[in-house]
Amino acid sequence: MEKYGLIGYPLKHSFSYKFFGDKFKNESIEAEYSNYEIADINNLPFIINSDPNIKGLNVTIPYKEQVLRFLDELDETAKAIGAVNVIKIIRKEGNITLKGYNSDLIGFQNSIQPMIDPLLHQKALILGTGGASKAVEYGLRKLGLETKYVSRTSADGVFTYKDLTPEILSEYKVIVNASPVGTFPNIDECPDIPYEYLTDSHLLYDLVYNPPVTKFLELGRKQGAKIKNGGEMLQLQALAAWNIWNAI
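Conventions adopted
- Residues numbered from 1 in each chain as written.
- Predicted model: local features only at pLDDT ≥ 70, side-chain atom pairs only at ≥ 80, totals over all residues.
- Heavy atoms only, no water.
- Phe/Tyr/Trp six-rings, centres within 6.5 Å; stacked < 30°, edge-to-face > 60°.
- Helix = DSSP H or I, 4+ residues; strand = E, 2+ residues; numbered from the N terminus.
- Buried < 20%, exposed > 50% of the residue type's maximum accessible area, 1.4 Å probe, protein only.
- Lys NZ or Arg CZ within 6 Å of the ring centre and 35° of its normal.
- Core = buried A, V, L, I, M, F, W, Y, C linked by side-chain atoms within 4.5 Å.
- Contact = heavy atoms within 4.5 Å.

**Q** Explain the packing of aromatic side chains to me, please; I cannot follow it from the model alone.
**A** To describe a pair of aromatic rings, one takes the distance between the centres and the angle between the planes. Across all of its chains, the model carries 14 aromatic pairs by this definition. Taking the centre distance of 5.9 Å and the plane angle of 90 degrees together, the rings of Phe-159 and Tyr-172 count as edge-to-face. With Phe-159 in strand E9 (residues 158–160) and Tyr-172 in the loop between helix H6 (166–171) and strand E10 (174–177), this residue pair connects regions lying 13 residues apart in the sequence. Tyr-172 matches Phe-159 in its accessibility class, with the two residues each being buried. Relative to Phe-216, the ring of Tyr-195 has its centre 6.3 Å away and its plane inclined at 70 degrees; by these criteria the two rings are edge-to-face. Linking Tyr-195 in the loop between E10 and strand E11 (203–206) with Phe-216 in helix H7 (residues 215–222), this pair joins segments that are 21 residues apart in sequence. Over the aromatic face of Tyr-172 sits the side chain of Lys-123, whose NZ or CZ is 5.6 Å from the ring centroid. The residue whose ring lies beneath Lys-148 is Phe-159, and the NZ or CZ to ring-centre distance is 5.0 Å.

Set out below in structure tokens:
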């Protein structure tokens, strides 16, 4: 039986595990999907070598960048982004080749694009600087937006949360939460932005999908902003991962 899985730490609430479990059952696919919760990325080779039936893995927090050094190849998009969330395991004549892809880009870009008004939405703030944020930044630029990261720590070319003035928020009308802040069970937490400066011209997108309306999105909605969570993105990136694993 073909096997697939997810590596990350922690894996309390795995979208992929349920998604692929349901997909395999509903479509009568003879396959199995497992969660591999590893506290150290150095355990990855052990997982891959533990079962010759493992054909592919998803990668989540905190390993989307750390995993790069274990891979033999990167597709062009993953190389440009510098982060991987899909590994295709190619086993041939006793050799194993690991190729990395980024389906987060596909999921995010196709999910947010219908909401973007080119006249209003020309600049975007990306909250967080982890592996997922790199796909977000790449996707927004592909859609023609200028981007700027927001982080808790200061760095060249990066805003801190304390830097966010009314003037900045009037200029950057798309705000994407690419951090895990606000994820269940920490539903009372939200990124520390000045929500009172948001308007009905703003678009707030949260990669978090549990809860469906995070505090970040709720506070934006109260100001009239358009909002969307990461549920559709996750479905689209999962389907893209399945296509990658099964492409000939």
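**Q** In this structure, what is going on with the nonpolar core? I would like to understand it.
**A** Note that soluble globular proteins tend to have their nonpolar side chains buried in a common cluster. Counting residues in hydrophobic clusters, the biggest one holds 19 residues, and the most contacted among them are Ile-7, Ile-41, Leu-44, Leu-57, Val-67, Ile-87 and Ile-89. Secondary-structure elements contributing two or more residues to this core are helix H2 (44–50), strand E3 (54–59) and strand E5 (86–92). With near-sequence residues (within four places) excluded, Val-67 lies in contact with Ile-41, Leu-44, Val-59, Val-84 and Ile-87.

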